[in-house]
Amino acid sequence: MATKKNSERVNLIDTFKDFKETKNIDRTTLVSVIEDSFRSVLQKTYGSDENFDVIVNPDKGDFEIYRNRIVVADGEVKNENAEICLSEAQLIDEDFEIGEEVSEKIEFAKFGRRAILTLRQTMASKILDLEHDNLYNKYVDKVGTIVSGEVYQVWKREMLLLDDEGNELLLPKSEQIPGDFFRKGETARAVVLRVDNLNNNPKIILSRTSPDFLRRLLEQEVPEINDGLITVQKIARIPGERAKIAVESYNERIDPVGACVGVKGSRIHGIVRELHNENIDVINYTSNIRLFIQRSLSPANISSITLDEEKKKAEVYLQPDQVSLAIGKNGDNIKLASMLTGYTIDVFRELNGEEPDEEDIYLDEFKDEIEPWIIEAIKGLGLDTAKSVLSAPRAMLVEKADLEEDTVDEVLSILKAEFEE
């Protein structure tokens, strides 16, 4: 029997040592948690833990429990948990007298397996809660900063990474750059997007598509940004395709665009590689919204701009050969310009008083065959004649005019038929 108790005692100390090695929990907190766990079991066993001393020794992975009771005359014990009769006390030490305090060491193994199991479960639960709290507090302060992790598992909808302490980080597919491909064991970088903490079970969500990821990469590559000499005022991204960045310098001697790009693109190239060849345009920021819209539509040259500041709308007029530059491939340039400036931008062609091609036809002439709202949507792209629509990229008509593919195909078919006749 003694062997069985000693075995339980050893197992309990081994369990205690396991908790002692728990990561990221300081000594004082760990001692407090373990003591609270013992007291929780004592309360369930005796109804109170007030007259118990629990001594935890984390260095040795050991503990001691003492029960303190006051000696009373035989037959006058009213609270067995707080009082001990004289005859029983003298079995411990014959010199005890009434009114003295008896401090008796308790062998926890004698509580039985159920109590030991309860202790282990309580300790595990409290330690897990502490680990969750520490993980949440660590990463909630890192939201918006770049972290690195080793790819541990790749699933269809997300990827699991482990940081250098073994904490789990999630990179959802929706937050990955198109073209991202990581194998198990590789290192991936991303920005901490948010920390969810449902039922005290923190989940660290990462992102590689967030504008903050590009912002932090710039801070790492451009010392002037990190030093505060250059400020990144605005960022707009179509992840994996194109991005526009508006920067400003408070030092007249520093060219913010040149500093960000670097000699022969040396600084920006590293970022472009990280983002899978995402094309990055860097422009000078200005509070003059007309000038800012003009710069944001680069490389197109703007003829004139009409603003509606209340509705945050801008009508931009360009020479015919500049319209496609302003809109960009798949409408990316004008979309990013709108994101960067916060204005809805519509582009219009200027004809400088010249008549269009005699063989060309204004879109308004097709109102019997094409719904008027469709014509207006296309004209909003600066395309107001049949030939200008036919020469525009089909993808641009679908995305920028916000039309269904079948609708665009029907429009193109109607316009082509007119010239074939």
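The present account deals with the structure reproduced in this document. (Residues numbered from 1 in each chain as written. Predicted model: local features only at pLDDT ≥ 70, side-chain atom pairs only at ≥ 80, totals over all residues. Heavy atoms only, no water.)

The omega torsion across Ser298 and Pro299 is 15°, close enough to zero to call that bond cis. Here Pro299 shows up in the loop between helix H9 (289–296) and strand S13 (304–308). Of note in the backbone geometry, Asn200 takes a positive phi value of approximately 55° without being a glycine. Relative to the assigned elements, Asn200 resides in the loop between strand S8 (187–198) and strand S9 (201–207). Notably, His276 is not glycine yet its phi reads approximately 55°, a positive angle. Within the secondary structure, His276 sits in the loop between helix H8 (266–274) and strand S12 (279–284). (Helix = DSSP H or I, 4+ residues; strand = E, 2+ residues; numbered from the N terminus.)

So, about the sheet that holds strand S5 (residues 146–154). What the five strands build is a closed barrel, ordered S5-S6-S7-S9-S8; its pairing is mixed. Strand-to-strand twist of the sheet, defined as the mean angle between neighbouring strand axes without regard to direction, takes the value 55°. Here helix H4 (residues 113–140) sits on the sheet in contact with S5, strand S7 (168–172), S8 and S9, set at roughly 30° to S9. This element, helix H5 (residues 211–221), spans S5, S8 and S9 of the sheet and lies at about 130° to S8. (Pairing = 2+ DSSP bridges. Axes fitted to C-alpha atoms, helices over the stretch in contact; angles between N-to-C directions. Contact = heavy atoms within 4.5 Å.)

The next thing to look at is the pattern of salt bridges. Evaluation of the coordinates by the stated rule reveals 20 salt bridges. Note that Arg39 is salt-bridged to Asp49, the shortest N-O span being 3.2 Å. With Arg39 in helix H2 (residues 27–46) and Asp49 in the loop between H2 and strand S1 (52–57), this residue pair connects regions lying ten residues apart in the sequence. Of the two residues examined, Arg39 and Asp49, each falls in the buried class. The salt bridge involving Arg242 is made with Asp281; its shortest N-O contact spans 2.8 Å. Taken together, the residues span a long stretch of sequence, with Arg242 in strand S11 (residues 242–249) and Asp281 in strand S12 at a distance of 39 residues. Using a relative accessible area of 14% as the deciding quantity, one classes Arg242 as buried. (Salt bridge = Lys/Arg side-chain N within 4 Å of Asp/Glu carboxyl O. Buried < 20%, exposed > 50% of the residue type's maximum accessible area, 1.4 Å probe, protein only.)

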